[in-house]
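# Geometric and topological summary
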Amino acid sequence: MNPMNYIYLSCILFSLGAAGVLLRRNAIVVFMCIELMLNAANLAFVTFSRMNGTLDGQIVAFFTMVVAACEVVVGLAIIVTIYRSRRSASVDDARLLRL
Amino acid sequence: MNFAAIVQDQTSHAEAVLFYLLAPITVLSAVGMLLVKKAVHSALLLAAVMISLAIFYILNEAPFLGIVQIIVYTGAVMMLFLFILMLVGVDSADSLVETIKGQRVLGIIAAVGVGGLLIALVSKGNLGHRFFGLEMANGEGNVQGIAKLIFGQYVWPFEVISALLITAALGAMVLAHREPDSDKKDQRALSEERVRQSAQPVAGLPGPGTFARHNAVDIPALLPDGTPADLSVSDVIAARGHLAKPGDFKFIETSDDDREGN
């Protein structure tokens, strides 16, 4: 098997995540798709690390994980706040910044 | 042979088998994530994708990252997602009404375009198409190698990212915090309120049988003027009609002979 298959898989997962962000309405599902995109990028980083024979790619993937965790924490807090005021987690209902 | 860097353009057969087994599962789970209606099912499929990605990391000679992936993503992040789903409502299904006309078709075209472009670029670009291998970098062990890099060359980004984590935690607390609607009554306010309601005895309800001839639970206590206190007996006993009247226990005259006998 050619090592590039990992990169192709990562590309497919990334575009699937992008499709999810564009197509889905539920804010939580949109968030999960963003996580999928970040994970796809991580797979590419890990594969590049093995291709180049250095561990730097794994370090970057590690940092990406931390940033993704931060993003999830703040994003879900925003979703909860929006849900409290609008009683809905749909991105269509949140088109105004005010109530 | 052990620590020499071996340039390979092919992975081992075992790895290939595992890859071809897991890659379709991963892609199908990701596709399913987009297609299922309920958010909970999406979350479960995302967990499947993340577990198979962890296996891919371990295959790619990154065991530490693979374990961290399982702990952080399938453990913590998915847990958080499910928690918020429970908060928002598990049954929240997506509305299938298109608010922007043609958005779905355009979205699919854009996503396919992005994927095609990425794959085309990656396959045309000179990325080596081979593994240098991590035998040398992982020589002392994967965790040791990563630790050397994180606490050496990358120590400054590491510190910055820890600051980011703390900021995110504080931000989430501020966002999720809500001022209580009304002041909660403290003990003093509660006791003052109880005294003002004159219908309720301040010192609690009187016990049954107090100052009566018998102290069984079905006998009401006697008030100082000799009338029975209804509050001293449980409502259930009164409703069942098991209430004994204090008058039933009249003082029985005993003769002096009996007392002497005792």
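Parameters at a glance
Residues numbered from 1 in each chain as written. Chains lettered and ligands numbered in written order. Predicted model: local features only at pLDDT ≥ 70, side-chain atom pairs only at ≥ 80, totals over all residues. Heavy atoms only, no water. Contact = heavy atoms within 4.5 Å. Buried area = accessible area lost by both parts, 1.4 Å probe. Polar contact = N/O pair within 3.5 Å; in protein donor to acceptor, adjacent residues only side chain to side chain. Helix = DSSP H or I, 4+ residues; strand = E, 2+ residues; numbered from the N terminus. pLDDT = per-residue confidence, 0-100. Domains from an automatic or database assignment. Nonpolar A, V, L, I, M, F, W, Y, C, P; charged D, E, K, R; others polar. Salt bridge = Lys/Arg side-chain N within 4 Å of Asp/Glu carboxyl O.

### Section: the interface of chain A and chain B
Chain A puts 65 residues into the contact, and the matching count from chain B is 88 residues. Of the roughly 7300 Å² buried between chain A and chain B on both sides combined, carbon and sulfur atoms contribute 73%. The largest contributions to the chain A side of the interface with chain B come from Met1, Arg25 and Arg50 of chain A, which together make up 12% of the buried area. Connecting chain A to chain B are 20 residue pairs in polar contact (both at pLDDT 80 or more). Sorting the residues of the side of chain A that touches chain B by element identifies α1 (4–23), α2 (27–52) and α3 (56–86) of chain A as the ones contributing at least two each.

### Regarding the confidence of the model for chain B
Residue and element names in this part refer to chain B. Averaged over chain B, the pLDDT score is 81; the fraction of residues at 70 or greater is 82%. The spread of mean pLDDT over the elements of chain B runs between helix α9 (residues 256–261), the lowest at 51, and helix α2 (residues 39–59), the highest at 93. Both scores are available for the predicted complex, with the pTM at 0.75 and the ipTM at 0.92.

### A word on the domain arrangement of chain B
All names here are of chain B. In terms of domains, chain B is made up of domain 1 (12–90), domain 2 (138–176) and domain 3 (205–248). Taking only C-alpha atoms, the centre of domain 1 and the centre of domain 2 are 23 Å apart. Across the boundary between the two partners, domain 1 contributes 4 residues, which contact 4 residues of domain 2. Each partner contributes to the roughly 300 Å² buried at the junction of domain 1 and domain 2, and carbon and sulfur atoms together form 67% of this total. When residues of domain 1 are sorted by the area they lose upon contact with domain 2, Glu61, Pro63 and Phe64 head the list and together hold 91% of the total. Summed over the shared surface of domain 1 and domain 2, the number is 1 residue pair in polar contact (both at pLDDT 80 or more). Partitioning the side of domain 1 that touches domain 2 into residue classes produces 3 nonpolar, no polar and 1 charged.

### Some points on the pattern of salt bridges
Oppositely charged side chains can form a pair if their charged atoms are brought close together. Taken as a whole and assessed by the stated rule, the structure comprises 5 salt bridges over all chains. Note that Glu15 of chain B and Arg50 of chain A form a salt bridge whose closest N and O atoms lie 2.9 Å from each other. With one member in each of two chains, Glu15 of chain B in helix α1 (residues 13–35) and Arg50 of chain A in helix α2 form a pair that bridges those chains. One continuous salt-bridge network, built from bridges that share partners, spans Arg50 of chain A together with Glu15 and Glu61 of chain B.

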